[in-house]
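Listed below, chain by chain, are the residues.
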Amino acid sequence: MRVHVRRLLPLLALALGACAVSMSPVTGRKRAYAYSWEQEVRLGRAVDRQITAQYGTYDDDALQDYVRRVGNDVLAVSHLRRDDALPEYRTAKFVFRVLDTEAVNAFALPGGYVYVTRGMLAHLENEAQLAVVLGHEIAHVAARHGSQNALEGGLMTAALLGAGLLGEELAGAGDEIGDVGAVAAQLMLFRYSRDDERESDRLGVEYAAMAGYRAAEGAAFFSGLERLQARAGRIPGFLSTHPDPGRRGETVAQMAADWVALGFDGERVEREAYLARIDGITLGQDPRQGYEMAGWFYHPAGGFRFPVPADWTVDRQGRQVVLRPRAGDGVRVELAARSRHPTADVAARVFVHENGLAGASSYRTNMNGFPGARVDGAMDSGGSSYQVTGYWLEHGGHVVRFAGISHSAYNAELQYGIGEMTRGFRAVSDPGLLDVAPVRLVVMTTERAQRFADVVDPRFIPAGMDLEALAILNGVSVDAVIPAGTVLKLPG
Ligand SMILES: [Zn+2]
């Protein structure tokens, strides 16, 4: 919930006064950072808990191991591991994770946390491209861009401080999926400066080349991003945080050529091995984390459904579910399918405490036989006043939470929306509604020449994707004739 932000402000001011001077791992020269390396590691660890709670790690150990292996290969040749690096950098342990979301994204947190989404993995063609992407993210960590940005008072400050401040609470409460959205979402959409991006591109290519990869493959990937960029409104992520992919393609190609000229003519591409690894991964939205059908939102993992109010929309990213009125952005309701708290009552009290909702009224309720709790409160932030209404309902041994916030002027809409959802809350036991399987990415070879549009079976196009999105995934156009014997990544 955004309501956390208010509590960050005093600390924000405090932290801006402090800074740490130490040796840059990349240049070897001393410079100022907002945080010591040790603080960066601690902040990264705290935010990592939120990222994994919100998006979930992709449930495939072999794939996680694979990405970790490639990441560590690239890390091994980075500035952090060179002989002249400070011991604290050389011994820094990195965490590489594949996140369970269809968003096309890769990002890093200070201190050595690197993420790539399954949506991104689906778009890559080979291991060399993965190495360049991971190299780019490792470079953000090595150059300590987040810490530099925070020194200048950038967005990273607020986001990281959120994590620092909330870190202890999160150790307990952070498992409440969806309760930690603001900080994690800010970080996932965090923008570095163009100079930082250029430096990371340069270093990413250097690291991939030194690790023996054909870094020019990265250029092809960045060029392909251009088409995604054109639809960035629909597919946020790496594109909104990493601007200008077209020129990056050219620049990366030039930088890769420079490394070849220096003798790093790495031939590692590993296309077949890579495609074998991603064969079978989830493609598009995973309906087990929720899907909409005929005016209802079904949550198979939670075993419940509730009506989506007329003129409201459901927004899903990873495990985060947000409902909003179609008109106006002054109202939002966040669903958390599973709270870690044992009862609705406890969950509601923790919520009031965490959000500083002094004076909130809180009472027990019962919705269609589901025992629960309701909280109504008001708060001020940034000169505006907000209404907060939350419902916690006990179902199947868990607590389901609906947390609503609106500008005070839109309180009537919030009450209408959250009232419809909770009054209509029902258990679901029909296996036909619960046993939904996500669409899988299938690597296959075409048997005859055919238009791409005719190769795709429309019945398998997953939620959150369309034909054009699948064409982009394969680096072809919808109308292109695909020759026989072409390897494609298709829904199946
Ligand atoms: Zn970047």
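Numbering of residues starts from 1 in each chain and follows the order in which that chain's sequence is written. Thresholds applied to this predicted model are a pLDDT of at least 70 for local features of residues and 80 or more for the giving and counting of side-chain atom pairs; totals over whole chains, interfaces and linings are not thresholded and use all residues.

Caption draft 1: Summary view of the overall build of the chain. Secondary structure elements follow DSSP: runs of H or I no shorter than four residues count as helices, runs of E no shorter than two count as strands, and numbering proceeds from the N terminus. Secondary structure assignment for the chain yields 19 helices and 21 strands. Exposure is read from a count of other C-beta atoms within 10 Å of each residue's own; the residue is exposed at 12 or fewer, buried at 20 or more and partly exposed in between. C-beta atoms are placed from the backbone. The 492 residues of the chain split such that 49% are buried. Considering only residue pairs separated by 6 or more positions, the chain has 70% of its internal contacts joining residues 24 or more positions apart. This entry defines residue contacts through backbone-placed C-beta atoms, with two residues in contact when those atoms are within 7 Å.

Caption draft 2: Expanded view of the sheet that holds strand β8 (residues 296–299). Here, any two strands with at least 2 DSSP bridges between them count as paired. Within the open sheet, the 4 strands sit side by side as β7-β8-β9-β17. Their pairing is antiparallel. The two strands at the open ends of the sheet, each matched to only one other strand, are β7 (291–293) and β17 (426–427).

Caption draft 3: Representation of the sheet that holds strand β5 (residues 113–117). Judged by pairing direction, the sheet is mixed, and its 3 strands sit side by side in the order β3-β5-β4 without closing on themselves. This sheet does not close on itself; its edge strands, each paired only once, are β3 (95–99) and β4 (106–109). Strand-to-strand twist across the sheet, computed as the mean angle between neighbouring axes with direction ignored, equals 20°. Two elements, β3 and β5, share 5 bridges in a ladder whose sense is parallel. Residue pairing in the sheet places Val95 in a bridge with Tyr113 of β5. With axes taken as lines fitted to C-alpha atoms, and helix axes fitted only over the stretch in contact, angles between N-to-C directions fall between 0 and 180 degrees.

Caption draft 4: Region of interest: the pairing of β5. Most of β5 is tucked away: 5 of the 5 residues are buried. The alternating pattern of β5 places Tyr113, Tyr115 and Thr117 and Val114 and Val116 on opposite faces, both of which are buried. Of the strand pairs in this sheet, β4 and β5 are connected by 4 bridges, and their pairing is antiparallel. Residue pairing in the sheet places Phe107 in a bridge with Tyr115 of β5. Linking β4 to β5, which pair antiparallel, is a turn of 3 residues; within it Gly111 sits at a positive phi near 90°.

Caption draft 5: Representation of helix α10 (residues 194–210) in the model. An expected span of 1.5 Å times one less than the residue number is assigned to each helix. With 17 residues, α10 extends 24 Å from end C-alpha to end C-alpha; this agrees with the ideal 24 Å at 1.5 Å per step. Among all positions of α10, only Glu197, Ser200, Asp201, Leu203, Gly204, Val205, Glu206, Tyr207, Ala208 and Ala209 are buried.

Caption draft 6: Molecular detail of unusual backbone geometry. One non-glycine residue with positive phi stands out, namely Glu270, at about 55°. If you trace the backbone, Glu270 turns up in the loop between α13 (245–261) and α14 (271–278). Despite not being glycine, Asp311 has its phi angle at roughly 70°, a positive value. Along the chain, Asp311 turns up in the loop between β9 (304–307) and β10 (312–317).

Caption draft 7: Examining the nonpolar core more closely. Among buried residues, those of type Ala, Val, Leu, Ile, Met, Phe, Trp, Tyr and Cys that are joined through C-beta atoms within 7 Å form a set called a nonpolar core. With 67 residues, the main nonpolar core has Val74, Val116, Ala131, Leu134, Ile138, Ala208 and Ala215 as its most contacted residues. The element best represented in this core is helix α6 (residues 127–142), accounting for 10 residues. Residues contacting Ala131, with those up to four places away along its chain left out, are Val70, Val74, Ala208, Ala211 and Tyr213.

Caption draft 8: Expanded view of the packing of α6 against α10. Relative orientation of the contacting elements α6 and α10 amounts to 125°, with a least axis distance of 7 Å. The angle between α6 and α10 places the two elements in the oblique class. Our pair here, α6 against α10, has a crossing hand that is right-handed. Every residue of α10 that contacts α6 at Ala128, Ala131, Val132, Gly135, His136, Ile138, Ala139, His140 and Ala142 is listed here: Glu199, Ser200, Asp201, Leu203, Gly204, Val205, Tyr207 and Ala208. Put simply, angles under 35 degrees are roughly parallel, angles over 145 are roughly antiparallel, angles from 65 to 115 are roughly perpendicular, and the rest are oblique. Throughout, a crossing is termed right-handed when the near helix is turned clockwise from the far one, and left-handed when it is turned anticlockwise from it by less than a right angle.

Caption draft 9: Region of interest: the packing of helix α3 (residues 61–76) against α6. The interhelical angle for the contact between α3 and α6, taken along N-to-C directions, is 60°, at an axis separation of 9 Å. As judged from the angle between their axes, α3 and α6 are oblique. Handedness of the α3/α6 crossing: right-handed. Residue-level contacts link Val70, Gly71, Val74 and Leu75 of α3 to Glu127, Leu130, Ala131, Leu134, Gly135 and Ile138 of α6.

Caption draft 10: Region of the structure containing the environment of Thr389. Among the structural elements, Thr389 can be located in strand β15 (residues 384–395). Along the sequence, Thr389 and Ile418 sit 29 residues apart, while their C-alpha atoms lie 8.2 Å from each other. The contact partners of Thr389, leaving out residues within four places of it in the chain, are Val375, Asp376, Gly404, Leu414, Gln415 and Ile418.

Caption draft 11: The environment of Trp312, seen in detail. Relative to the helices and strands, Trp312 resides in strand β10. Trp312 gets classed as buried once you count the C-beta atoms within 10 Å, which come to 20. A C-alpha to C-alpha distance of 5.4 Å links Trp312 and Arg324, two positions 12 residues apart in sequence. The contacts of Trp312, once residues within four sequence positions are left out, are Leu323, Arg324, Pro325, Arg326 and Gly417.

Caption draft 12: Up close: the pairing of strand β13 (residues 361–367). Of all 7 residues in β13, 0 are buried; the element is thus mostly exposed. In the sheet, β13 pairs with strand β14 (residues 370–381) via 7 bridges, with the strands oriented antiparallel. If you follow Met367 over to β14, its bridge partner there is Phe370. Adjacent in sequence and paired antiparallel, β13 and β14 are bridged by 2 residues, among which Asn368 carries a positive phi angle near 55°.

Caption draft 13: Main features of the environment of Lys489. Mapped onto the elements of the fold, Lys489 is located in strand β21 (residues 487–491). Classification of Lys489 as buried rests on a count of 22 C-beta atoms within 10 Å.

Caption draft 14: The confidence of the model for the chain, seen in detail. Note on scores: pLDDT gives the predictor's confidence for each residue, bounded by 0 and 100. Predicted confidence across the chain gives a mean pLDDT of 83, with 84% of residues reaching 70 or more. Contacts of residues 1–17 to residues separated by more than four positions or lying in other chains number 37 contacts, the stretch itself having pLDDT below 50. Note that residues 158–183 has pLDDT below 50 and, in this model, 74 contacts with residues that lie over four places away or in other chains.

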